[in-house]
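Each chain is listed here by its residues.
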Amino acid sequence: MCGIVGYVGEKQAQDVVIEGLRRLEYRGYDSAGIALVVDGPIAWAKKAGKLANLEKELAESPLPGSTTGIGHTRWATHGAPNDVNAHPHLGGHHRVALVHNGIIENFAELRAEIEAAGDELRSETDTEIAAHLIERALAEGGTLTEAMQQVCARLEGAFTLVAIDAEDPSRVVAARRSSPLVVGLGDGENFLGSDVAAFIQHTREALELGQDQIVTITRDDVSVTDFDGRPVEGTRYHVDWDLSAAEKDGYDWFMRKEIFEQPRAIGDALLGRHDPAGRLQLDEGRISDDELREVDKIIIVACGTAFYAGLVAKYAIEHWTRIPCEVELAHEFRYRDPILTRSTLVVAISQSGETADTLMAIRHARTQRAKVLAICNTNGSTIPRESDAVLYTHAGPEIGVASTKGFMTQMIAAYLLGLYLAQVRGTSYADEIARVVTELGDMPGHVQRILDGSDDLYALAEELQQARVVLFLGRHVGYPIALEGALKLKELAYLHAEGFAAGELKHGPIALIEPGLPVFCVVPPRGRDQLHEKMVSAIQEIRARGARTIVMVEDDDTGIEEFADTIIRLPRVSTLLQPVLAVVPLQLFACELATRLGHDVDQPRNLAKSVTVE
Ligand code: G6P
């Protein structure tokens, strides 16, 4: 949520910053802005709407050349998304320019103080007060770094701040508390970004920052301190993906590209998870096997799509481990005073690793002495850093705001976690675990087959273009997939879409069924538990009331045709793994329908990919 870029080097800062903003635009697209250190007061431009608006403005009224600059792409919190509230914000005398991601919670009090001192604030944002405070601290002498330290000591809330000083072109200074920021290490140039996509085309060497740290970048140096000015070491790492991963590669949308990358992503998520003896192993962990044997309850916390991955995981984890597993929306979790003990394992699922609600939930869990394990896609992000162990999903960068390969690999990682726990605790036989691992290994091929046969879905999207309401039904692990299918349509097509557990239909939702209403139905594989038969009955019930049924069913499942207006075939797999396949047609359908409706699939209205405010 909000993308931030900083640069100092030999290149034209405007080019580097705008390019960085383009790659970070998925984080927020309510407005964009840039500020440069030039000869004289700060040069700046900012514009409501997408980055293209700012670029147009810069083409019409170019800024002077500069090699030191900052930029911002906004997801609005305080103040409407207009030109005035767009970042950067400037101090009273235009000496300091500042961009911000997060929320300064004590801004009302600081605002009153600034106004009482006679400074006029132009915007409704919480950010502008920080620009004024830093400028006032600078006016008393010292460097921008020292001014940043003084001001950060007074700020409450979560924030990344990046600032420049009109009188010092040599440096860009940033501060980080609970919001993301990474440093890109170049040769004769250095970068700041909300994530590595901001500078990946210039360098793949990066420096991770910790909580409450301030970083000063110059052309040839990067120095990090804590908020009290004491030097600290950042953690250096090599980014293991390159520019091509952050580009569309001929697809119309990042989201479509990411859907089609899923066979590869599943393969990468599974890669290297065995030791030479064939036993499963996790990535990084400070949770010992002995501690895992002590676990008597698992609570999965997550938001949005990641929450639905958690719902799928619950079925698998309880089945394989016999440990009770709850799944909870992260923002509800900590406010209900959950019962946590040393033997509770809290599993945080987050693609970005920066979702504030999930972060706050794990902080709460740790204060209660629970163990926290993160399932995360973003190396070095805050949630894994603050967890006791982490299982990375290795999906590669996900740019489309609506999660697809992120969700897919979250499910894969959660299955691996369940199997690992079962192995450590001896609750599943080794050959059963090996059988599931083998089946997981077949998933890339199955998903590829679904992708290769997706033409019918495009026709379906064309046919359902006029639909205003779409329902999704599932049972067991098909239920979270119904929820995810509905969420994708809400996010992308702005349709009223709902997912229901098929068994619940008769308790109320069946009243919604009317002639022609499209209903996607995820049919469980045939098995001993009669889930399949019960789902088929539900389909018959809605069909009898005129619903237009779109039935997702295994390849060799015959007899269902008479109740289905459209059939989508899925390769035959075991029940617990069916979500891996069933979600794919729903992702493609949502992407295609939104495209036909003329919506921006990668940047849906009002959303941001990484929600770093509570
Ligand atoms: C936002 C995004 C969703 C995402 C959710 C959780 O709401 O729009 O697509 O599922 O955040 O994100 P996370 O990074 O924690 O998985």
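Position numbers for residues start from 1 in each chain and track the written sequence from start to end. The predicted nature of this model means local features are confined to residues of pLDDT at least 70 and side-chain atom pairs, given and counted, to a pLDDT of 80 or more, with totals for whole chains, interfaces and linings taken over all residues. Only heavy atoms go into the side-chain values, all of them from the structure, while hydrogens and water stay out.

1. Some thoughts on the environment of A13
Here A13 shows up in helix α1 (residues 13-24). Residue classification places A13 among the buried residues on the basis of a relative accessible area of 0%. Note: C-alpha distance between A13 and T67 (54 residues apart in sequence) is 4.6 Å. Here, two residues are considered to be in contact whenever any of their heavy atoms come within 4.5 Å of each other. Each residue touching A13, except ones within four places of it in the same chain, is listed here: Y7, L36, S66, T67, T68 and G69. By definition, any uninterrupted DSSP run of H or I lasting at least four residues is a helix, any uninterrupted run of E lasting at least two residues is a strand, and each is numbered from the N terminus. Note on exposure labels: buried denotes an accessible area under 20% of the residue type's maximum, exposed denotes more than 50%, and partly exposed covers the range between, all computed with a 1.4 Å probe on protein chains only.

2. Examining the domain arrangement of the chain
An automatic or database domain assignment supplies the residue ranges for each domain. Partitioning the chain into domains gives domain 1 (3-242), domain 2 (248-446) and domain 3 (454-596). The centre of domain 1, based on its C-alpha atoms, is set 33 Å off from the matching centre of domain 2. In this assembly, 12 residues from domain 1 lie in contact with 12 residues from domain 2. In short, buried area is how much 1.4 Å probe accessible area vanishes from two parts on joining, totalled over both. Between domain 1 and domain 2 lies a buried interface of about 990 Å² when both sides are counted; carbon and sulfur atoms form 53% of it. In terms of surface lost to domain 2, no three residues of domain 1 exceed Y26, S178 and E208, which account for 41% of the buried area on that side. The salt bridge partner of E208 is R385, with a shortest N-O separation of 2.3 Å. Under the scheme applied here, ten amino acids are nonpolar (Ala, Val, Leu, Ile, Met, Phe, Trp, Tyr, Cys and Pro), four are charged (Asp, Glu, Lys and Arg), and all others, including Gly, are polar. Partitioning the side of domain 1 that touches domain 2 into residue classes produces six nonpolar, four polar and two charged. Any Lys or Arg side-chain nitrogen found within 4 Å of a carboxyl oxygen on Asp or Glu counts as a salt bridge.

3. A short note on the site of the ligand
Consider each residue's heavy atoms; a residue with any of them within 4 Å of a molecule or strand counts as near. In the region of the ligand, 15 residues are neighbours, and T305, S350, Q351, S352 and T355 sit closest. One nitrogen or oxygen atom from the main chain of T305 is found 3.0 Å from an oxygen atom belonging to the ligand. Within the side chain of S350, an N or O atom sits 2.6 Å from an oxygen atom of the ligand. Surface accessibility in these figures is a Shrake-Rupley result with a 1.4 Å probe; residues are shielded only by whichever protein chains are displayed. Protein burial of the ligand: of its 380 Å² of free accessible surface, 90% is covered by the chains. Counting residues per element, the shell around the ligand draws most heavily on helix α9 (residues 304-321), at three residues. Classifying every residue of the shell around the ligand gives five nonpolar, eight polar and two charged. Under this definition, polar contacts are N or O atom pairs within 3.5 Å; protein pairs additionally need one hydrogen-donor-capable and one acceptor-capable atom, and for neighbouring residues in sequence, both atoms have to be side-chain atoms.

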